[in-house]
Structures are given as C-alpha cells and as structure tokens.
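The chain contents come next:
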Amino acid sequence: PKVIEYNCRFGDPECQAVMPLVTGDLAGFCHAGAEGRLEPDLLEFDDGWSVCVVLASAGYPAGSRSGDAISGLDEVGEARVYHAGTRLNEGTWETNGGRVLAVVAGGAERPDAVAAAHSAADRVSFGGMQRRRDIGILHFESA
C-alpha cells in the first residue's frame with residue numbers, strides 16, 4: 001500500500017468521527033510530541049465505533065448558499081454536532097458556508113453507530129440541505 005494523502009485537521013469530518021473515541025490527556029500527548037517524546041499512556045481509545053455525517057448547503061461543493069435557518073439542533077439526542085459553515089443571526093442558527101454541520105454519533109458496533117448518526121442527522125434541517133446517506137455503509141452491503 002502507498003499513502004496518497006495524509007491530512008487530518010481537527011475541523012475535518014474524519015477527525016470529528018475519531019475524536020469521541022479518544023480519552024485521556026490529548027493536550028499533554030500533543031505537548032509531549034512537540035517536545036519529541038512519545039507518551040502513549042496519556043491516551044486511550046474506545047473499542048466502539050463513531051460515524052460523522054456532514055450536512056452541506058445548497059450548491060456544495062461547487063458553491064454554497066447562506067442564510068437558511070437551521071432547525072432541530074436541540075433534538076439530536078446524544079450525538080455531537082460540530083458547527084462549520086454556520087452563523088448566529090438574532091438568536092437563530094443559519095447556514096454560512098458549504099459544509100454546514102457535522103453530526104457525530106457512536107455505538108458499540110458499526111451498524112449501531114451508523115444508525116445513530118443518520119437518525120440524529122434526520123432531526124436537523126435547513127433549506128437546500130444535502131447529505132450522503134451511504135456514510136458508514138459498506139459498499140458490498142445492501143443499503
């Protein structure tokens with residue numbers, strides 16, 4: 001195998017899916033790494049699964065639409081919602097970019113995490129919202 005690209009920032013959906021599985025002293029781990037020391041005992045990883053579903057604005061990825069009111073953020077249950085392309089306008093969250101929100105949920109098994117993430121994402125809505133419904137589904141499974 002060859003690595004084509006390695007890119008993981010805290011704002012990326014890939015990272016947002018993994019971070020809920022990490023426990024321990026992440027800041028201490030990063031600080032030690034910056035000083036050239038590897039301190040693996042500072043972190044632990046949950047054995048469960050985590051899935052991230054991105055909710056994107058109308059026109060994404062070629063463009064994006066702003067100003068659509070977002071509803072349902074208080075109805076996602078235990079899922080985490082990361083704001084990306086949002087803004088608060090007179091007390092109402094609205095779209096303000098391409099990748100608007102990332103909805104992340106977990107479970108003991110992959111199908112549980114997939115169902116939880118998509119169920120939470122189903123509770124959020126805004127005009128022109130688009131998302132992939134195959135996230136977390138293996139391609140050889142029937143969806």
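Residues numbered from 1 in each chain as written. Predicted model: local features only at pLDDT ≥ 70, side-chain atom pairs only at ≥ 80, totals over all residues. Heavy atoms only, no water.

K.L.:
What's the story with the overall build of the protein in this structure? I'm lost.
P.N.:
Within the protein, the secondary structure is distributed over three helices and eight strands. Starting at the N terminus, the α and β elements of the protein follow one another as α-β-α-β-β-β-β-β-β-β-α. The dimensions of the protein, computed from C-alpha atoms along their principal axes, are 45 × 40 × 35 Å. Across the 143 residues of the protein, 33% fall into the buried class. If you take every contact in the protein between residues at least 6 apart in sequence, the share linking residues at least 24 apart comes to 61%. Carbon and sulfur atoms make up 52% of the accessible area of the protein, which totals about 9,200 Å². Charged side chains of the protein number 12 positive and 21 negative; the gap between the two group centres comes to 8 Å. (Helix = DSSP H or I, 4+ residues; strand = E, 2+ residues; numbered from the N terminus. Buried < 20%, exposed > 50% of the residue type's maximum accessible area, 1.4 Å probe, protein only. Contact = heavy atoms within 4.5 Å. Areas by Shrake-Rupley, 256 points an atom, 1.4 Å probe, with all protein chains shown as cover. Lys, Arg positive; Asp, Glu negative; His and termini not counted. Charge placed at Lys NZ, Arg CZ, Asp CG, Glu CD.)

K.L.:
Please explain the sheet that holds strand E4 (residues 66-69) as it appears in this structure.
P.N.:
Pairing between the strands of a sheet is mediated by backbone hydrogen bonds and can be parallel or antiparallel. Strand order in the open sheet formed by three strands is E4-E7-E6, and the pairing between neighbours is antiparallel. The sheet is open, and its two edges are formed by E4 and strand E6 (86-89), each paired on a single side. Averaged over all neighbouring strand pairs, the angle between strand axes comes to 40°, with direction disregarded. With two bridges joining them, E4 and strand E7 (residues 92-96) adopt antiparallel strand pairing. For serine 66, the partnering residue across the bridge sits in E7 and is asparagine 96. (Pairing = 2+ DSSP bridges. Axes fitted to C-alpha atoms, helices over the stretch in contact; angles between N-to-C directions.)

K.L.:
Help me understand the sheet that holds strand E8 (residues 99-107) in this model?
P.N.:
Reading across the sheet, the three strands line up as E3-E8-E5 and stay open at both edges, with antiparallel pairing between neighbours. Unpaired on one side and paired on the other, strand E3 (49-56) and strand E5 (80-83) mark the two borders of the sheet. Looking at each pair of strands side by side, their axes are set apart by 20° on average, direction ignored. The pairing of E5 with E8 spans four bridges and is classified as antiparallel. Within the sheet, the bridge partner assigned to arginine 80 lies in E8 and is valine 104.

K.L.:
In this structure, what is going on with the pairing of E8? I would like to understand it.
P.N.:
The side chains of a regular strand alternate, residue by residue, between the two faces of the sheet. With seven of nine residues buried, E8 lies mostly within the body of the structure. Pairing of E3 with E8, which is carried by eight bridges, proceeds in the antiparallel orientation. Across the sheet, residue cysteine 52 finds its bridge partner in E8, namely valine 104.

K.L.:
What is the right way to read the pattern of salt bridges from this model?
P.N.:
When the charged atoms of two side chains with opposite charge come close together, those side chains can pair. Scanning all chains against the criterion turns up seven salt bridges. The partner of arginine 37 in a salt bridge is glutamate 39, with the nearest N and O atoms 2.8 Å apart. Note that aspartate 68 is salt-bridged to arginine 65, the shortest N-O span being 2.8 Å. Via salt bridges that share partners, Glu35, Arg37 and Glu39 belong to a single interconnected network. (Salt bridge = Lys/Arg side-chain N within 4 Å of Asp/Glu carboxyl O.)

K.L.:
Sorry, what's going on with the environment of aspartate 134 here?
P.N.:
Looking at the element boundaries, aspartate 134 is found in the segment after helix H3 (110-122). Since its relative accessible area comes to 29%, aspartate 134 is described here as partly exposed. When the C-alpha positions of aspartate 134 and arginine 99 are compared, they lie 17 Å apart, and in sequence the two are 35 residues distant. In this structure the side chain of aspartate 134 is engaged in a polar contact, spanning 2.8 Å, whose partner is the side chain of arginine 132. (Polar contact = N/O pair within 3.5 Å; in protein donor to acceptor, adjacent residues only side chain to side chain.)

By themselves these figures say nothing about function.
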